[in-house]
Amino acid sequence: MLISNYYLIGFDGWTSPLGQSLYAFVIMTPDRKEIIHCIKDLSANSHTANFLADQLNEVITDVGEENFAAVVSDHASACAAAKKIISARYEHILPIRCIAHHVNLVSTDICKTSFAKDVISKCQKIVKYFKQSHQAGEELRSKITNEIKGGGLKTYVVTRWTTAWDCTNSILRLEQVFKNVREDVFALYILCTFIYYFFLINNDQILDETPEKLSTDISALIRSRSFFTDVEAVNTLLGPAKSVVKSLEFKTTTLADCFVELIKLSQKIKSVPPVSDYEFKYQCIELFNKRWQEFDIQLYLLAYLLHPHYRGKYFIKT
């Protein structure tokens, strides 16, 4: 912010394991410290824009309206409207949309395309195979230890959207290692899983895939260059989302830095190489443009133009 002694108030809500609707109100200081002002159980109330604005106003008046410069949240309709009410009431308090949430929406949209879902599903199948097979898993771990750095396979967790990048990136890092895994490891896994599934069949459990098909599918995937090309395309588009989340861990990160990552994402979408699904690139462009229209760009663009690191590159000294 231009006035360095101003605070920022952020708020967000979630549902507890007990089904309670909880909202946290956090104050961020100019030196990037985060102070939890309060956590409220708002289960008994309807979360309208006016109601949330009243909750924000209680925090603002408690701390002092003169101490705040901005209010930030995700773009849920009630939250966005509540920020506008506060900004209208206190003209010096700017309503800011959380850019990490915006990038999250774009990344989630990309992951929901049929092409990306199929690629991530195949990556998960490989991860599951090597985690469930003791022999194959040990073979992979020994080669990772001796030949490559960066850790082993990562699992994708739907509720943690950055793990899609972790999962696809781990597959790409270990491409050559996969191809060095001995064929006899796959053969041994077929025998072990066949015995395991034999007992399941006798217990009247239904199988979706036979052990032979499972191992054959995995072997075919890790030997397919086109598969890794597809994984690389999805991973490339998820990279900026991962960068935004990682950058927010640093105290030096500014709105301009986050905005640059959003621009990088648009450029990466534009330069996506040909993949097995011809429509994937154009679907991503359409999804990005749709989210871009929803985004309040003005404040982030101003921060970008005022940032000395970026501004200095484009101004000619006279």
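If you're wondering where the values come from, they're calculated on a predicted model, not measured in any experiment.

Caption draft 1: Summary view of the packing of helix α3 (residues 99-112) against helix α4 (residues 114-132). Two elements in contact, α3 and α4, have axes whose closest approach is 5 Å; the angle formed by their N-to-C orientations is 80°. Relative to α4, α3 is oriented roughly perpendicular. Touching I110, C111 and K112 of α3 are S114, A116, K117 and I120, all from α4.

Caption draft 2: Empty space enclosed by the protein, seen in detail. All chains considered together, the criterion is met by 1 cavity of 30 Å³ or more. In this structure, the largest cavity occupies an estimated 40 Å³ of space. Every residue along the wall of the largest cavity is listed here: P95, I96, R97, D296, L299 and Y300. Counting residues per element, the lining of the largest cavity draws most heavily on strand β5 (residues 94-97), which supplies 3 residues. Of the residues belonging to the lining of the largest cavity, the class tally is 4 nonpolar, no polar and 2 charged.

Caption draft 3: How the structure looks around helix α2 (residues 77-89). An ideal rise of 1.5 Å per residue puts 18 Å on 13 residues; α2 measures up with 19 Å between its terminal C-alpha atoms. For α2, the complete set of buried residues consists of A78, C79, A80, A82, K83, I86 and S87. In this structure, the buried residues of α2 make contact with β1 (7-15), α1 (49-63), β4 (68-73) and β5.

Caption draft 4: Inspection of the pairing of β5 at higher detail. Bridging between β4 and β5 involves 4 bridges; their strand directions are parallel. Bridge pairing in β5 places V72 opposite I96. This β-α-β element, β4 to α2 to β5, shows right-handed connectivity.

Caption draft 5: Examining a nonpolar patch on the surface more closely. On the surface, W14, I36 and I39 cluster together to form a nonpolar patch covering roughly 310 Å² of accessible area. Within the element layout of this structure, W14 appears in strand β1. The class for W14 is partly exposed, based on a relative accessible area of 38%.

Caption draft 6: Region of the structure containing the packing of α4 against helix α6 (residues 163-173). Two numbers describe how α4 lies on α6: the axes approach to 10 Å, and their chain directions differ by 65°. The orientation of α4 with respect to α6, classified from their angle, is roughly perpendicular. As for how α4 packs across α6, the hand of that crossing is left-handed. Across the interface between the two elements, I120, C123, Q124, I126 and V127 from α4 touch A164, C167, T168 and I171 from α6. When the residues that make up the contact of α4 with α6 are grouped by side-chain class, the tally is 7 nonpolar, 2 polar and no charged.

Caption draft 7: Layout of the environment of S266. Its place among the elements puts S266 in helix α11 (residues 255-270). The buried category is assigned to S266, whose relative accessible area is 18%. Separated by 26 residues in sequence, S266 and P240 have C-alpha atoms that sit 9.4 Å apart.

Caption draft 8: Spatial organisation of the pattern of salt bridges. All chains considered together, the criterion is met by 6 salt bridges. The salt bridge involving D118 is made with K122; its shortest N-O contact spans 3.2 Å. A residue pair is termed a helical-turn pair when its members lie 3 or 4 positions apart in one helix, as D118 and K122 do in helix α4 at 4 residues. Relative accessible area serves as the criterion here: at 37%, D118 is assigned to the partly exposed category. Classification of K122 as partly exposed rests on a relative accessible area of 30%.

Analysis parameters
Residues numbered from 1 in each chain as written. Predicted model: local features only at pLDDT ≥ 70, side-chain atom pairs only at ≥ 80, totals over all residues. Heavy atoms only, no water. Axes fitted to C-alpha atoms, helices over the stretch in contact; angles between N-to-C directions. Helix = DSSP H or I, 4+ residues; strand = E, 2+ residues; numbered from the N terminus. Parallel < 35°, antiparallel > 145°, perpendicular 65-115°, else oblique. Contact = heavy atoms within 4.5 Å. 1 Å grid on protein atoms, 1.4 Å probe; cavity = no way out; pocket = protein on both sides within 12 Å on 5 of 7 lines; lining within 4 Å. Points joined across faces, edges and corners; volume = space filled by probe spheres on them. Nonpolar A, V, L, I, M, F, W, Y, C, P; charged D, E, K, R; others polar. Expected span 1.5 Å × (residues − 1). Buried < 20%, exposed > 50% of the residue type's maximum accessible area, 1.4 Å probe, protein only. Pairing = 2+ DSSP bridges. Right-handed = clockwise from strand over helix to strand, strands pointing away. Patch = residues over 30% accessible without salt bridge, like charges linked within 9 Å, V, L, I, M, F, W, Y side chains within 5 Å. Areas by Shrake-Rupley, 256 points an atom, 1.4 Å probe, with all protein chains shown as cover. Salt bridge = Lys/Arg side-chain N within 4 Å of Asp/Glu carboxyl O. Left-handed = near helix turned anticlockwise from the far one by under 90°.

Nothing here speaks to function; it is all geometry.
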